[in-house]
Amino acid sequence: MSVTKLELRTALGPVYRDVLPYPPRNCTPEEIPVIDLGPMFSDRLSDRKEVASAIRAAAINNGFFYVKNHGIPTETITRCREQIINFMRQPLETKDSIRSHKYSKYFNGYLGKRRAQISPSETADVRESFTFRYSPELDPEHPKDISEIPDEIRRWIRGEDFVWEGTKQLPGFKRDCVAYWSSCLILARRLVRMFALSLDLDENYWDEKVTYPGADGVFNYYPQRTQEEIEQKFVGLGSHTDLQLFTLLWQDNVGGLQVLTREGRWIKAPPIEGTLVVNIGDYMMRLCNDIYKSTVHRVTNESTEERVSMPFFFGLNFNCVEGVVPSCTAESNPAKYEPISCGDWCQMRFKMENEAFKKNEAKRSMAPSAVVVAE
């Protein structure tokens, strides 16, 4: 049996995974369970601990689960999706007026098709995206002007106003995108308490560390693949792990998300009406000493329809320097990782990915007829 070696970029350098030569199959409910978040909103601690227990089981297994009764209104999701479609169907020159590589210090704005390659082992990513990051004036629970933020936090704020200046031609665009983002932020702050309980920590363990968090809205658009992209097996978004504590993902009914099991088998995480997908990020995996799994995943749009997904990446305040939490170490299981700030952790991989893509772009410019798949 032939096994493919998959190279992954991490903040600490490349790692490799073996992939079995089987076509992706649908996940089972045991592999990616559906967790009901309804009890999370209960006043009874015992109810909330039920949710925490279910999260722990899923996080230890494949690090992916669905959530239902999450509290984000369907109308909020629908309006945001419509705005992303409106934005992506604009002429390229209009979208490029907020091009991330040109105008952003922090990877905000528009990223065009094949303008990134997240996986060294695969093709450039056949997706377009619109990204904006946390700005304190947009915070739904305690909005503040950035001048009111303590200096040690202010330098880590990654929101940039040019993304809104360059989208004013779309009526309601900022309003509808921020409404979905705000709903995700409120949910994430509740969910991080369930993660704390799941690790036998005080429920409010992280509350003071998510006041100005990493909170990235990244809205992805996967167009129909061209014949060339089909023949050369281009990916929508290459194999990777996420960076922060956890990710909330809404995906439309087209599908395309795939998760790599610990055995090296790709499984599909198909859309389930009324749910979000939640997955563990690398920083959470560090904090819990590898008890929870940050799992490799990818996206491929093999349908004849356009696909939209709306991930929300959630982490601690970027200035927070954190090590392994006390409940995840023992004399027989010492901490595997030194403390590092969430911001430094993220910037390490962002920089690595950006530099690698620029290097590949230079190769393409020297040999424009060639297809550069990896370094």
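Everything numeric in this text was worked out from a predicted model, so none of it was measured.

A. Seen up close, the overall build of the chain. A tally of regular secondary structure across the chain gives 10 helices and 17 strands. Its C-alpha atoms give the chain a radius of gyration of 20 Å, within 12% of the compact-globule value 21 Å for 375 residues. Counting all 375 residues of the chain, 56% fall into the buried class. As presented, the chain carries roughly 16500 Å² of accessible surface, and 50% of it is formed by carbon and sulfur atoms.

B. Representation of the packing of aromatic side chains in the model. Across all of its chains, the model carries 21 aromatic pairs by this definition. Look at Phe 87 and Phe 130: their rings are 5.5 Å apart centre to centre, the planes differ by 55°, and that puts the pair in the tilted class. Of the two residues, Phe 87 sits in helix α2 (residues 74-88) while Phe 130 sits in strand β7 (residues 128-132), which places them 43 residues apart along the sequence. Residues Phe 87 and Phe 130 agree in their burial class; the two are buried. Ring plane angle 75° and centroid distance 6.4 Å describe the contact between Tyr 134 and Tyr 212, whose orientation is recorded as edge-to-face.

C. View of the pairing of strand β13 (residues 276-280). With five of its five residues buried, β13 lies for the most part within the structure. Across four bridges, strand β5 (residues 64-68) lies against β13 in antiparallel orientation. By the bridge assignment, Tyr 66 is partnered in β13 with Val 277. As paired elements, strand β10 (residues 246-251) and β13 share four bridges and run antiparallel to each other.

D. Region of the structure containing the sheet that holds strand β11 (residues 257-260). Spatial strand order, β3-β12-β11-β14-β9: five strands in an open sheet with mixed pairing. Edge positions in the sheet fall to β3 (25-26) and β9 (237-240), since each has one partner strand and no second.

E. The packing of helix α1 (residues 45-61) against helix α7 (residues 173-198), seen in detail. The N-to-C vectors of α1 and α7 enclose an angle of 80°; their axes lie 8 Å apart at closest approach. In terms of their interaxial angle, α1 and α7 are classed as roughly perpendicular. Mapping the contact onto sequence places Leu 45, Arg 48, Lys 49, Val 51, Ala 52, Ile 55 and Arg 56 in α1 and Leu 191, Met 194, Phe 195, Leu 197 and Ser 198 in α7. Across the contact of α1 with α7, the residue classes break down as eight nonpolar, one polar and three charged.

F. Seen up close, empty space enclosed by the protein. By the definition in use, this model includes three cavities of 30 Å³ or more. Around the largest cavity, the lining is made up of 40 residues, and of these Ile 118, Arg 127, Val 218, Phe 350 and Glu 353 lie nearest the centre. The element best represented in the lining of the largest cavity is helix α10 (residues 342-366), accounting for five residues. The residue inventory of the lining of the largest cavity, partitioned by class, reads 16 nonpolar, 15 polar and nine charged. In this model, the second largest cavity occupies a volume close to 90 Å³.

G. Structural detail: unusual backbone geometry. A positive phi angle is found at Arg 114, which is not glycine, with a value near 60°. Along the chain, Arg 114 turns up in the loop between β6 (109-111) and β7. One non-glycine residue, Asp 200, lies in the positive phi region at around 60°. Overall, Asp 200 belongs to the exposed group, its relative accessible area being 66%.

H. Geometry of the confidence of the model for the chain. A residue-level look at the chain finds 95% of positions with pLDDT of 70 or above and a mean pLDDT of 93. The low-confidence segment residues 369-375, where pLDDT is below 50, has 23 contacts with residues more than four positions distant or belonging to other chains.

I. Representation of the sheet that holds β6 within the structure. Taken together, the eight strands give an open sheet; going across it, the order is β4-β5-β13-β10-β15-β8-β7-β6, and neighbouring strands pair in mixed fashion. Either end of the sheet is taken by a strand with one partner, and the two such strands are β4 (34-36) and β6. Taken pair by pair, the neighbouring strands of this sheet meet at an average axis angle of 25°, ignoring direction. Where α1 meets the sheet, its contacts fall on β4, β5 and β13, and the angle it forms with β4 comes to roughly 165°. Sitting on the sheet, α2 is in contact with β6, β7, β8 (213-222), β10 and β15 (307-317), with an inclination near 110° to β15.

The rules behind each value
Residues numbered from 1 in each chain as written. Predicted model: local features only at pLDDT ≥ 70, side-chain atom pairs only at ≥ 80, totals over all residues. Heavy atoms only, no water. Helix = DSSP H or I, 4+ residues; strand = E, 2+ residues; numbered from the N terminus. Rg over C-alpha atoms; globule rule 2.2 N^0.38 Å. Buried < 20%, exposed > 50% of the residue type's maximum accessible area, 1.4 Å probe, protein only. Areas by Shrake-Rupley, 256 points an atom, 1.4 Å probe, with all protein chains shown as cover. Phe/Tyr/Trp six-rings, centres within 6.5 Å; stacked < 30°, edge-to-face > 60°. Pairing = 2+ DSSP bridges. Axes fitted to C-alpha atoms, helices over the stretch in contact; angles between N-to-C directions. Parallel < 35°, antiparallel > 145°, perpendicular 65-115°, else oblique. Contact = heavy atoms within 4.5 Å. Nonpolar A, V, L, I, M, F, W, Y, C, P; charged D, E, K, R; others polar. 1 Å grid on protein atoms, 1.4 Å probe; cavity = no way out; pocket = protein on both sides within 12 Å on 5 of 7 lines; lining within 4 Å. Points joined across faces, edges and corners; volume = space filled by probe spheres on them. pLDDT = per-residue confidence, 0-100.

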